[in-house]
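Each chain is listed here by its residues.
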Amino acid sequence: MSAVAEESGEVRSQKLDAEGEARRRLALAQIRQYPDPVLRMRAREVESFDGDLGNLVERLEHLVREANGLGLAATQIGVLRRVFAFLPDTEQDPVVVVNPTLSATSEERESDTEGCLSLQGVVIPVERHVTLTLEGKDPSGNDVRLELEGLPARIAQHELDHLDGVLILDRTTPEARREAMGLLRPQPILVR
């Protein structure tokens, strides 16, 4: 490969990275950020499996991918409906669960760090169940039952918390919460 070909390859990959970052920023601009009050509200059950739900599902799937997230709840885009999209496997399409519930959880719990698309820059320890059974409906109204463990179980619990108005700030240690609040607090702008 010639130096010119390598150089043009670098430019192309940088351009794609810049485009990807632009898409990510656009997606993040559509996701509610702390302290938006909707993030503290409990979502309502979905009763109609119709076109409106289909549009919400498409938007969630699109935004979770574009924002480079692992999950996204409807409340994070200002819609108080019990729906979330998540990526139990990053090589596959997002899985959408409507009216999700945990029907079983392991006694074993594990602490690991979590971030959140609605709390940019915050990564804090959160204790979660290691395995669980998630039940709900798919976007067509069919029953869904998922046996999850490890990271997929953690993501599902995180997104379910969002539907109940609970944030990772509520599930961490007091020290980590103080640190996170320091990052989230608006900084004064000093003008000379």
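Presented here is an overview of the structure given in this document. It should be emphasised that the depicted structure is a prediction, and the values quoted were computed from it without experimental measurement.

Parameters and conventions
- Residues numbered from 1 in each chain as written.
- Predicted model: local features only at pLDDT ≥ 70, side-chain atom pairs only at ≥ 80, totals over all residues.
- Heavy atoms only, no water.
- Core = buried A, V, L, I, M, F, W, Y, C linked by side-chain atoms within 4.5 Å.
- Buried < 20%, exposed > 50% of the residue type's maximum accessible area, 1.4 Å probe, protein only.
- Helix = DSSP H or I, 4+ residues; strand = E, 2+ residues; numbered from the N terminus.
- Contact = heavy atoms within 4.5 Å.
- Pairing = 2+ DSSP bridges.
- Axes fitted to C-alpha atoms, helices over the stretch in contact; angles between N-to-C directions.
- Salt bridge = Lys/Arg side-chain N within 4 Å of Asp/Glu carboxyl O.

**Brief notes about the nonpolar core**
Stage number 1. In terms of nonpolar packing, the biggest core is built from 19 residues, with Ile31, Leu53, Leu56, Leu60, Leu72, Ile77 and Val83 touching the most fellow members.
Stage number 2. Breaking this core down by element, the ones donating at least two residues are α1 (3-29), α2 (51-66), β2 (83-86) and β3 (95-105).
Stage number 3. Counting residues per element, this core draws most heavily on α2, which supplies 6 residues.
Stage number 4. If we skip the residues at most four places from it in the chain, Leu56 touches Ala74, Ile77, Val79, Arg81 and Val83.
Stage number 5. Phe84, Phe86, Val97 and Ala156 belong to the second-largest nonpolar core, a separate cluster that totals 13 residues.

**Description of the side chain of Thr133**
Stage number 1. With respect to the helices and strands, Thr133 occurs in strand β6 (residues 131-137).
Stage number 2. Owing to a relative accessible area of 6%, Thr133 belongs among the buried residues under this scheme.
Stage number 3. Non-local contacts of Thr133, meaning those with residues more than four positions away in its chain, are made with Thr101, Leu102, Ser103, Ala104, Arg145, Leu146 and Glu147.

**Section: the environment of Gly54**
Stage number 1. Within the element layout of this structure, Gly54 appears in helix α2.
Stage number 2. For Gly54, a relative accessible area of 26% gives the class partly exposed.
Stage number 3. In sequence terms Gly54 and Ser140 are 86 residues apart; their C-alpha atoms lie 8.5 Å from each other.

**As for the sheet that holds β6**
Stage number 1. Taken in spatial order, the 5 strands make up an open sheet running β1-β2-β3-β6-β7, and their pairing is antiparallel. Two strands in the sheet have a free side with no partner beyond their single neighbour: β1 (71-73) and β7 (143-149). Across this sheet, the average inter-strand angle for adjacent strands is 40°, counted without regard to direction.
Stage number 2. Relative to β3, β2 is paired through 4 bridges, and the arrangement is antiparallel. Each residue of the ladder has a partner; that of Ala85, found in β3, is Val96.
Stage number 3. Against the sheet, helix α3 (residues 151-163) makes contact with β1, β2, β3, β6 and β7, and its axis sits at roughly 155° relative to β2, the strand it touches most.

**Structural notes on unusual backbone geometry**
Stage number 1. Across the junction of Tyr34 and Pro35, the peptide omega takes the value 15°, indicating a cis bond.
Stage number 2. Examined against the element boundaries, Pro35 turns out to sit in the loop between α1 and α2.
Stage number 3. Phi is positive for Asn68, which is not a glycine, with a value near 60°.
Stage number 4. You will see that Asn99, though not glycine, has its phi angle at about 50°, which is positive.
Stage number 5. By the element assignment, Asn99 lies in strand β3.

**Observations concerning the pattern of salt bridges**
Oppositely charged side chains may form a pair once their charged atoms are brought near each other.
Stage number 1. Across all of its chains, the model carries 15 salt bridges by this definition.
Stage number 2. The salt bridge partner of Glu66 is Arg23, with a shortest N-O separation of 3.0 Å. With Glu66 in helix α2 and Arg23 in helix α1, this pair connects stretches of sequence that are 43 residues apart.
Stage number 3. Look at Glu66 and you get partly exposed, because its relative accessible area is 21%.
Stage number 4. The class of Arg23 is partly exposed, set by a relative accessible area of 43%.
Stage number 5. For Lys137, the salt bridge identified is with Asp143, shortest N-O distance 2.5 Å.
Stage number 6. A residue is classified by how much of its surface remains accessible, and Lys137, at 28% relative accessible area, is partly exposed.

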